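# Examination of the molecular architecture
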Amino acid sequence: MRVSNSTQVQMAKLSQKHTKMIKVLIADNHPIIRMGVRSVLETAGGFQVVDDVATTAELFQKLEKLTPDVVMLEMDIPEINGIAALRKIKKSFPDVKVLMYSAQSEDVYALSSIRAGAFGYLAKTSELNYIVSAVKKVAEGNMFITNELAQRLAFDEGTQKPR
């Protein structure tokens, strides 16, 4: 049986409607970064950016009203530093998964972010496809770390031997 192109398009639209959208809240004090991350996620499909905020005060106000699957939290967001904000999110909104990101390399903040309860860490220098895969992985309840960080975690940095 041959299926027409219009039927295939309709079937694709139906399957998209039944696919659960991943709800994301973006927290970054730079408007162009928020716009860029939103654009990447919305273009990829499967994501609904429920809002974006520039401060931690706005973030916690939004979390009282919204239920995002993932918060993308910039480490250097104003008012409360990213780690303190992450800890507060984990305490007050335990079901919200947090993906930390920063202009700083993984060497600076990744381990402290994960130890504080983040589901992953993404450097702003990462390839665009990492944003999509990181948010998907975190939304599924899995950790997102780069191969480089995984290798660092597997070896004791003092002895250079496996842990």
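Everything below is about the structure shown above.
The sections below set out a description of the structure shown in this document. (Residues numbered from 1 in each chain as written. Predicted model: local features only at pLDDT ≥ 70, side-chain atom pairs only at ≥ 80, totals over all residues. Heavy atoms only, no water.)

## Regarding helix α2 (residues 31-44)
Its 14 residues place the ends of α2 20 Å apart at the C-alpha level, agreeing with the 20 Å of an ideal helix rising 1.5 Å per residue. By the burial criterion, the buried members of α2 are Arg-34, Val-37, Val-40 and Leu-41. An end-on view of α2 places all buried positions within 135 degrees of arc, on one side of the element. Residues Pro-31, Ile-32, Met-35 and Thr-43 are exposed on α2 and point more than 90 degrees away from its buried face. As for α2, its buried residues are in contact with β1 (22-27), β2 (47-53), β3 (70-74) and α6 (128-139). Of the residues trailing α2, Gly-45 is marked for its positive phi of about 85 degrees. (Helix = DSSP H or I, 4+ residues; strand = E, 2+ residues; numbered from the N terminus. Expected span 1.5 Å × (residues − 1). Buried < 20%, exposed > 50% of the residue type's maximum accessible area, 1.4 Å probe, protein only. Arc of directions from axis to C-beta. Contact = heavy atoms within 4.5 Å.)

## Details of the environment of Phe-60
Its location among the elements puts Phe-60 in helix α3 (residues 56-65). Taking the C-alpha atoms as reference points, Phe-60 and Phe-93, 33 residues apart in sequence, are found 9.6 Å from one another. The contact partners of Phe-60, leaving out residues within four places of it in the chain, are Ile-80, Ala-85, Lys-88, Ile-89 and Phe-93.

## Re the nonpolar core
A general feature of soluble globular proteins is that nonpolar side chains tend to end up buried together. Judged by nonpolar contacts, the single largest core of 23 residues is most densely connected at Leu-59, Leu-63, Val-71, Leu-73, Ile-89 and Met-100. If you list the elements that add at least two residues to this core, you get β1, α3, β3, α4 (82-92) and β4 (97-102). It is α4 that contributes the most residues to this core, four residues altogether. For Val-71, the contacting residues outside a window of four places in its chain are Leu-25, Leu-59, Leu-63, Val-96, Lys-97, Val-98 and Leu-99. Among the nonpolar cores identified, the runner-up in size contains 20 residues, and Val-37, Leu-122, Val-135 and Phe-144 belong to it. (Core = buried A, V, L, I, M, F, W, Y, C linked by side-chain atoms within 4.5 Å.)

## Points about the pairing of β1
Of all six residues in β1, five are buried, a share of seventy percent or more. Across six bridges, the pairing between β1 and β2 is parallel. When the sheet's bridge partners are listed, Ile-22 is paired in β2 with Phe-47. Regarding topology, α2 serves as the crossover connection from β1 to the parallel β2, and that connection is right-handed. (Pairing = 2+ DSSP bridges. Right-handed = clockwise from strand over helix to strand, strands pointing away.)

## Points about the side chain of Thr-55
Considering the arrangement of structural elements, one finds Thr-55 in the loop between β2 and α3. Judged by relative accessible area, Thr-55 falls into the buried class, the value being 19%. Not counting residues up to four positions away in its chain, the partners in contact with Thr-55 are Ile-77, Pro-78 and Glu-79.

## Looking at the sheet that holds β3
Read across the sheet, five strands follow the order β2-β1-β3-β4-β5 without closing on themselves; strand pairing throughout is parallel. The strands lining the two open edges of the sheet, one partner per strand, are β2 and β5 (120-123). Sheet twist, expressed as the mean angle between neighbouring strand axes with direction ignored, is 25 degrees. (Axes fitted to C-alpha atoms, helices over the stretch in contact; angles between N-to-C directions.)

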